[in-house]
Amino acid sequence: MKKNLFFVLLLLFIAACSKDDVVTPGQLKLDGVSGNELKLTSDETKDSTVILEGVTAKLSAEVDYGSKEWCEVEVIEKSQSKDKKNRLVINVKAYQGNEDRTAYVTINSGVDKVILSVIQSGRGEKVRMVVVSEGQFTKGTATLTSVTYNGNAVWDVFQDVNKKPLGDVAQSLTYLDGKYFVVLNNSKQIKVIEPQTFRLLGTVDYEQAASPRFMVPISSTEAIVSDLMSQLTRINYKTYKVIEHISLTGSSAPSLEKLIRVGNKVFGACSSKGVAVFDTDNINPGSIRLVSGFSGRIITTAKLIVDKNGKIWAFATASGMSVLNCIDPATEKVVKTIEIPYAVSGTDGYVEGAITGTSGYTRMDTDRTKGKLYFYMTMLVNPTRKTSIGAIYTLDVDADAISLSPYRELPGLGMMYGMNISPDGDVFLCDCLDYTAQRGFLREYRADGNVVSQRVGIYPRMVHFTEYDK
Amino acid sequence: MQKAVAFFLLLIFFNRSFAQNEGTVRGYSLDSVVVKEKMRNKIDEVTVGTRVSLISSAVLQGTQTKSLAELLSDNSMVYIKSLGQGALATSSFRGTSSGHTQVNWNGININPVMSGSFDFSQIPVFFTDQVSLYHGSGYLKGGTGALGGSINIGNKMDWRDTSRIDAFLECASYDTYTAAASVSVRGRNAVCKTRLYYQESDNDYRYLNKVLKLEDFYERRKEANYSIAGFMQEGYLKLPSGASLSAVLWCQGGTRRLPQPIIVNVTQHEKQNEYSVKSFIEYQEEKKRSEISLKAAYLANSLDYDKWFDSDYFPAENSRNLAQSIHMTADYCTDIFKNVKLSGSARYTHDWVKAGNYSENSVNRNVISLQTVCLWNVVNWLNADLHSMVEFNDGKVAPTFSAGINSSLIAGYLDAKTAISYNYRFPTLNDLYWQPGGNKNLVPEHGFSYDATLLYKQRIGNKTFFKTEFTAYMMNIDDWIMWLPTMNWYWEPRNVQNVLSYGVESFTECSVVCDKFSAKLAFNYTYSPSVNRERNFEEDDTYYKQLPYVPINKSNLRLSINRGGISLTYHACYTGKRYTSADESYSTKAYTTHDVELKCELVKKGFKIAPKLRIDNIFNAYYESTQYYPMPLRVISVNIMIRI
């Protein structure tokens, strides 16, 4: 009995002496978070501290394997803190932005275990779009402007990151093999850029006369680049080397601009000829064909668009009208044309809201669904003074006529130099103002009539949406 | 405008009031007068209030193998925008564009009739005896067009010289070789002088390219070689009547490759062959109270441009342009009163151009201008003049004027002058007729110019001289013409901006002259803001932004020391940051170059030999006058001059 009493007293004594060291389940309490969730926003780096109360035992914390690249944790025990409370310091890293993501941090006291969810909502700082600006010819002022979902812009992000200029006259940006390929017309060069960081990875340098424009992949390693100088250039986009130049002189399509690939065929906008087509495994001047039945004179600044039905659309103008040509890639024939007549002064149709024309630089685009075409036209606002403004009109690809009410009106637009539609159908205009050598604007024309403008580079010409980086 | 007038009136008031306080001043000795005396044409060419600066003959002698572009860049306040040694070099005078600098050769306007922009790289200093700069738009003698200023180059015959032969050879870095010779033969009433010049250069300097590729790399300048050859024949004759007859023929030819900016992969070759003939004949007669001058000039300039590629893949391209001009001028000057001089001048110019790129096969232009000048020596320390001119430019009438006052505020020490002028610049033939883009609806650029100058001179003891000169100026240029892209894929000139240019120019010189020792220190500084003063639309970001390629700050310093026939010259030139876009978003870095020259002169029995060592850009600095066009790094040249 005495022994038992002594043993109990001894235990009580030990318990009393080591009271703080005893951890019981449920005692691991995280202060500063609710529901064991820590919500952070994305920055370059972010330190966040979670206080662990009532814990006296040795702690360990570990981030799940998939998140270790961007999330780190460190435990600071109470002996090192002023208030004698344990602290868990969570360090989150990010690029300029990232998709929303969650890291799971397992905190273990040896007795108790809690899983803390670290949720980083990075999309706001993620780059939503990249604006390509040509810059002035021979001045080396081409730029890329990154714009985040939050609307924050870095107007010359390439220069900021690489400490060197992008080049002379940027024509296009193509996402390929996890990289951006920016074609520089007058530098005779393609710059290869890491999309997450805008770091320069390499250059494709032309050694023969060229004026490269637009690029399309034709295999897992090769791409074709169109050129103002009556040629196509085959490049290896893995090794960044020019493979060959293919002359188009004497072919049925001596000059190609915008390119698009459908299956094993590449379709290209051919000035004054319509749309040309060639096979990816047989690229030579003799094998290039023209799509038959093309109506009007093609506008080579407008993209060729593949719709949800697999048909290709091309924008053209004819006498007193614009024409949308719908092409069946299989038969290489125009299967449908949509005419958009212009209102003529002195006729009954010359009323406010009537379509009066388009631009020689006009643009066409689609959204994520590929069920609708969006294109730039001019709309009459004052029949008496014969003044028009720009407007975006749409065509449902299954319909036989365009929607006569504009999708967006574009008041305050200086000079349209580019237009793109976001995957969600938002309208973005590249405004080069009056063409003087100054930085232009990216203008978002919202459905509620508001216009959000952002200064970008000189002569902005296209917007690339990162959602399509796949 | 009101501010400008107020500014001008204030200057006059300041000038007058200061002068009236100095009742004891006597005489005047201003630069413009000095220039007039030195020029062969003695009709007043520029208003007495205009600032005139001369490049000293010592500097001209030391830069015989250089081009006018290098001379002006290093020794004047004019900013020269160059694409590299031997390549296109244009000017910006008082914050204006290259077409606003008028260049005159012996009083004849030699700006290219097609582009209007003068290429200073194509004028070897060897062919000049005088270079003077008329600041501002007050110089009307060459017709309208000098909105920023005029650069007058002249040939001068010194009747005191004996017959002689001068020759020199120079070898410099990057395989640059120059040879030149001149022969003067003097008779009792006639002098003739022949000059020959040749220069060639591979011009393949090495530099670090930091902009084109992922890794920085060294490369040599490609496609920058050039050669230039020239011949000038001068003849001067004193006629028995006391009149004089002079005739000059200057023929020059050159070929040069056109280098690309280093931000471009060079995949093509471009070459330009340029041939020019400049000639004039002049009759001058001076009588007791009058003076008459008749001059006829013929100018021709042919430019052949070729572009080709390494392979036969693409066809070569070329263009041929020929521009010719005839100038005829008649000047008459007389003293109508003891202290009033009146002069009149009539000038006719006919230009005709054959250019492959013009909308018309052959383009002609006729310009007639009538000018009067009235110079009034109010009192012996105060002068005033008024120049008025009307120009009929292909049917368009442009009346202009300039007026000035100069005053010796403290005789021998302090001078002051001020000027006002109104000038035009008509669109060039390229602006009007180039295809595509030529715009016949352009109106002339025009505007007022005002400036005021204070000049202080001091002699310290018998051996030291000090001179300093400050000028403030302001000018408006309206309907500024710019070539801009259009929605039709080509560029087009348009009257776009209204420009305000203002600033300060200063020149300070100190010299010490002893028996066997002399030293001179000269310092130029200019501060020249030049901005678009009107918004073209609400979001116009060029409003009050500095114009591209106009440095706000520019300075140069020259120190020369001479002892016993050995001279050492040190020269430094600073060019401030230049914006390269209209909204100041882009700029190119400021730079400073340092040059040294060591020269020795050995003279014996009428025979002189002068070896010279010169190092340009001694610190091997990388710099760009035009962005992405690197300039030569260190250049070492060895030169020997012989005079018999």
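Please refer to the structure placed before this passage.
For every chain, the first residue of its written sequence is number 1, and the numbers climb from 1 along that sequence. Key to labels: chains lettered from A, ligands numbered from 1, both in the order written. Residue-level local features of this predicted model are given only where pLDDT is at least 70; pairs of side-chain atoms are given and counted only at 80 or more, and the full residue set underlies all totals for whole chains, interfaces and linings. Only hydrogens and water are set aside; all other atoms, that is, all heavy atoms of the structure, feed into the side-chain values.

> Could you give an account of the environment of Tyr237 of chain A, with specific residues and numbers?
Residue and element names in this part refer to chain A. A helix here means a DSSP run of H or I that spans at least four residues, while a strand means a run of E at least two residues long, and both kinds are numbered starting from the N terminus. Mapped onto the fold, Tyr237 is located in the loop between β18 (231-236) and β19 (241-247). In this structure the C-alpha to C-alpha distance between Tyr237 and Phe137, which are 100 residues apart in sequence, comes to 26 Å. The contact definition used throughout considers only heavy atoms, calling two residues in contact when any of these lie within 4.5 Å. Residues contacting Tyr237, with those up to four places away along its chain left out, are Leu176, Asp177, Phe181, Pro217, Ser219, Ser220, Thr221, Glu222 and Ala223. Pairs of N or O atoms are called polar contacts if they sit within 3.5 Å, as long as, within protein, a hydrogen donor faces a hydrogen acceptor (for residues adjacent in sequence, only side-chain-to-side-chain pairs). At a separation of 2.6 Å, a polar atom in the side chain of Tyr237 contacts the main-chain carbonyl oxygen of Ser219.

> Give me the lowdown on the sheet that holds strand β13 (residues 179-184) of chain A, citing residues and values where you can.
For sheets, the rule is that strands pair by backbone hydrogen bonds, running either parallel or antiparallel. Residues and elements named next belong to chain A. Only strands that DSSP links by at least two bridges are regarded as paired with each other. Sheet architecture is open: 4 strands sit in the order β12-β13-β14-β15, paired in antiparallel fashion. What marks the edges here is a single partner per strand, and that holds for β12 (170-176) and β15 (200-205). Taken pair by pair, the neighbouring strands of this sheet meet at an average axis angle of 20°, ignoring direction. When β12 meets β13, the two strands line up antiparallel, connected through 6 bridges. Residue pairing across strands places Leu173 opposite Val182, the latter belonging to β13. Between N-to-C directions, angles span 0 to 180 degrees; the directions come from axes that are lines fitted to C-alpha atoms, helices contributing only their stretch in contact.

> Tell me about the interface of chain A and chain B, and name the residues and values.
On the chain B side, the residues contacting the 52 residues of chain A number 39 residues. Buried area, as used here, totals the accessible surface that two parts lose on assembly, with accessibility defined by a 1.4 Å probe and the loss added over both. Across the chain A/chain B interface, buried area totals approximately 3600 Å², and carbon plus sulfur atoms make up 57% of it. Salt bridges are counted wherever a side-chain nitrogen of Lys or Arg sits within 4 Å of a carboxyl oxygen of Asp or Glu. Seen at the junction of chain A and chain B, the total is 4 salt bridges. Salt-bridge contacts for Arg443 of chain A lead to Glu539 of chain B; the nearest nitrogen and oxygen are separated by 2.6 Å. Counting the contacts that link chain A with chain B gives 16 residue pairs in polar contact (both at pLDDT 80 or more). Elements supplying a minimum of two residues to the side of chain A that touches chain B: β14 (189-193), β15, β19, β36 (439-445) and β37 (451-458) of chain A.

> So what's going on with helix α4 (residues 68-75) of chain B? Which residues, and what values?
Burial analysis of α4 of chain B places 7 of its 8 residues in the buried class, the great majority of the element. Exposure is judged per residue with a 1.4 Å probe applied to protein chains only, and the accessible area is read against the type maximum: over 50% gives exposed, under 20% gives buried, and values in between give partly exposed. Residues of α4 of chain B that are buried include every one of Leu68, Ala69, Leu71, Leu72, Ser73, Asp74 and Asn75 of chain B, and no others.

> Lay out the packing of aromatic side chains with the relevant residues and their values.
All names here are of chain B. Centres within 6.5 Å make a pair out of two Phe, Tyr or Trp rings, where for Trp the six-membered ring is used; the pair is then stacked when the planes are under 30 degrees apart, edge-to-face when over 60, and tilted otherwise. Within the structure shown, the criterion is met by 33 aromatic pairs over all chains. Measuring from ring centre to ring centre gives 5.8 Å for Phe126 and Phe168, while their planes differ by 75°; the resulting arrangement is edge-to-face. Here Phe126, found in the loop between β5 (108-109) and β6 (130-135), pairs with Phe168, found in strand β8 (residues 164-172); they are 42 residues apart in sequence, far enough to count as distant. Each member of the pair Phe126 and Phe168 is classed as buried. Measuring from ring centre to ring centre gives 6.4 Å for Tyr205 and Tyr207, while their planes differ by 55°; the resulting arrangement is tilted.

> Tell me about the nonpolar core, and name the residues and values.
What is meant by a nonpolar core is a set of buried Ala, Val, Leu, Ile, Met, Phe, Trp, Tyr and Cys residues, joined one to another through side-chain atoms within 4.5 Å. Trp105, Phe120 and Val131 of chain B are the most contacted members of the largest nonpolar core, which totals 40 residues. When sequence neighbours within four positions are dropped, the list of residues in contact with Trp105 of chain B reads Ile110, Ile153, Asn155, Met232, Val248, Trp250, Lys278, Ser279 and Phe280 of chain B. Residues Ala302, Phe315, Ile340 and Leu395 of chain A belong to the second largest nonpolar core, which totals 21 residues.

> Go over the pattern of salt bridges, please, and point to the residues and values.
In the structure shown here, the tally under the stated rule is 55 salt bridges over all chains. Between Glu332 of chain A and Lys265 of chain A there is a salt bridge, and its shortest N-O distance comes to 2.9 Å. Separated by 67 residues along the polypeptide, Glu332 of chain A in the loop between β27 (321-328) and β28 (333-341) and Lys265 of chain A in strand β21 (residues 265-270) bring together distant segments of the chain. The same class applies to Glu332 of chain A and to Lys265 of chain A, which are both buried. A salt bridge links Glu505 of chain B to Arg94 of chain B; its shortest N-O distance comes to 3.1 Å. In this pair, Glu505 of chain B is assigned in strand β25 (residues 491-513) and Arg94 of chain B in the loop between β3 (89-92) and β4 (101-105), connecting sequence segments 411 residues apart. Residue Glu505 of chain B is classed as buried on the basis of its relative accessible area of 2%. Note on Arg94 of chain B: relative accessible area 3%, which makes it buried. Residues joined in a network through salt bridges with shared partners are Lys66, Glu70, Asp595, Glu597, Lys612, Arg614 and Asp616 of chain B.

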